[in-house]
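Notes for the structure review
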Amino acid sequence: MSAITQNLQAVHAQIVHAARAAKRPDTAVRLLAVSKTFDFDAVVTAMLAGQTAFGENYLQESLEKIAAVQELRPDSAIEWHFIGPIQSNKTRLIAENFAWVHTIERLKIAERLSQQRPSTLPPLNVCLQINISGEASKSGIAPDEALALAQCVCLEPNLRLRGLMAIPEPLKQKGASSVEQQFAQMQQLFQELQAQLKLADFDTLSMGMSSDLDLAIAHGSTMVRVGSAIFGKRLHKSGN
Ligand SMILES: *Cc1c(COP(=O)(O)O)cnc(C)c1O
């Protein structure tokens, strides 16, 4: 069995363990495999092990993989999620090639994605990125801007507003209690928006990565984005 296949099994087991510890159903948390910087072969290995959702940060790199998977398996159920920062000149290719975007932080970008979403495809699933650590250098909107942006984004005809996404400060630097507090704030914001927006599809809290997924699941994450724990250490460009 390949290392990727073994790692996937281990991450699934870790997710189930964390969900049970939080008294949540085994199926409460989806696994997004973050394949940025890893090649097509790595994606295919994970795909053959049953992984269906893949996350990418860099558009050019991801388009090559998406095209190659499409060629190899035209009818595969692979779902591509864009999880990197978005420049407005990149929205068309994102709208044409991805099923999800986790990193909405401006209405203008959301409007372009909606306008450019091909009518042959279902609506693009989107999450608003929240800057939960409050660091000036980080992407995302402030928590108190989320409701207003959500109310606009959910009116875009070719988008489906699914929830919120966040990247807290690294666990290693900040320690578990600070990171836990940020996850707890995200869970509270998510629940407040669910109550205020009353959207049937607002069901996704995208948070938790290789090093902090247990804590994220304890605080209501419904989708963890895991790269290095599946594919190994990234040698080049680091995300975000
Ligand atoms: C790279 C990246 C991940 C995965 O990080 P790992 O620590 O490798 O699990 C998750 N989310 C985003 C937004 C990323 O850029």
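First, a word on what this report is: a plain description of the structure on this page. (Residues numbered from 1 in each chain as written. Predicted model: local features only at pLDDT ≥ 70, side-chain atom pairs only at ≥ 80, totals over all residues. Heavy atoms only, no water.)

**Some remarks on the layout of surface pockets**
Of the voids in this model, the second largest pocket is the one considered here, and its volume is about 200 Å³. Ile-66, Val-69, Gln-70, Pro-74, Ser-76, Ile-78, Glu-79, Trp-80, Asn-97, Phe-98 and Ala-99 are the residues that line the second largest pocket. Those elements giving two or more residues to the lining of the second largest pocket turn out to be α3 (59–72) and β3 (79–82). Among the elements that take part in the lining of the second largest pocket, α3 stands out by supplying three residues, more than any other. (1 Å grid on protein atoms, 1.4 Å probe; cavity = no way out; pocket = protein on both sides within 12 Å on 5 of 7 lines; lining within 4 Å. Points joined across faces, edges and corners; volume = space filled by probe spheres on them. Helix = DSSP H or I, 4+ residues; strand = E, 2+ residues; numbered from the N terminus.)

**Concerning the pattern of salt bridges**
Evaluated as defined, the whole model comprises seven salt bridges. For Glu-56, the salt bridge is made with Lys-65, and the minimal N-O distance between the two is 2.8 Å. Lys-65 sits in the buried class, given a relative accessible area of 5%. For the salt bridge of Asp-203 with Arg-162, the shortest nitrogen-to-oxygen distance reads 3.1 Å. (Salt bridge = Lys/Arg side-chain N within 4 Å of Asp/Glu carboxyl O. Buried < 20%, exposed > 50% of the residue type's maximum accessible area, 1.4 Å probe, protein only.)

**Some thoughts on the site of the ligand**
The ligand sits among 14 residues. The nearest are Lys-36, Asn-57, Ser-210, Ser-228 and Arg-234. A distance of 2.8 Å is found between an oxygen atom of the ligand and a backbone nitrogen or oxygen belonging to Gly-227. A distance of 2.7 Å is found between an oxygen atom of the ligand and a backbone nitrogen or oxygen belonging to Ser-228. If the ligand stood free it would expose 380 Å²; the protein chains cover 94% of that surface. Residues of the shell around the ligand, tallied by class, amount to six nonpolar, five polar and three charged. (Near = heavy atom within 4 Å. Polar contact = N/O pair within 3.5 Å; in protein donor to acceptor, adjacent residues only side chain to side chain. Areas by Shrake-Rupley, 256 points an atom, 1.4 Å probe, with all protein chains shown as cover. Nonpolar A, V, L, I, M, F, W, Y, C, P; charged D, E, K, R; others polar.)

**Topic: the packing of aromatic side chains**
Taken as a whole, this structure holds four aromatic pairs when the rule is applied. Aromatic pair Phe-82 and Phe-98: ring centres 5.3 Å apart, planes at 85°, arrangement edge-to-face. Taken together, the residues Phe-82 in strand β3 and Phe-98 in the loop between α4 (91–97) and β4 (100–104) connect sequence positions 16 residues apart. Across the pair, Phe-98 and Phe-82 agree in class, each one buried. Judged by centre distance (5.5 Å) and plane angle (25°), the ring pair of Phe-190 and Phe-202 falls under stacked. Note that Phe-190 is positioned in helix α8 (residues 176–197) and Phe-202 in the loop between α8 and β7 (204–206), a separation of twelve residues in sequence. Neither residue differs from the other here; Phe-190 and Phe-202 are each classed as buried. (Phe/Tyr/Trp six-rings, centres within 6.5 Å; stacked < 30°, edge-to-face > 60°.)

**Focus: the pairing of strand β2 (residues 53–56)**
By the alternation rule, side chains of β2 split into Ala-53 and Gly-55 and Phe-54 and Glu-56, which are all buried. As paired elements, strand β1 (residues 30–34) and β2 share two bridges and run parallel to each other. Its bridge partner being in β2, Val-34 is matched across the sheet by Gly-55. The parallel pair β1 and β2 is bridged by helix α2 (residues 40–48), and the resulting crossover is right-handed. By the bridge criterion, four bridges tie β2 to β3 in an arrangement that is parallel. Pairing of Glu-56 across the sheet is with Phe-82, part of β3. As for the winding sense of the linkage, the β-α-β connection from β2 through α3 to β3 is right-handed. (Pairing = 2+ DSSP bridges. Right-handed = clockwise from strand over helix to strand, strands pointing away.)

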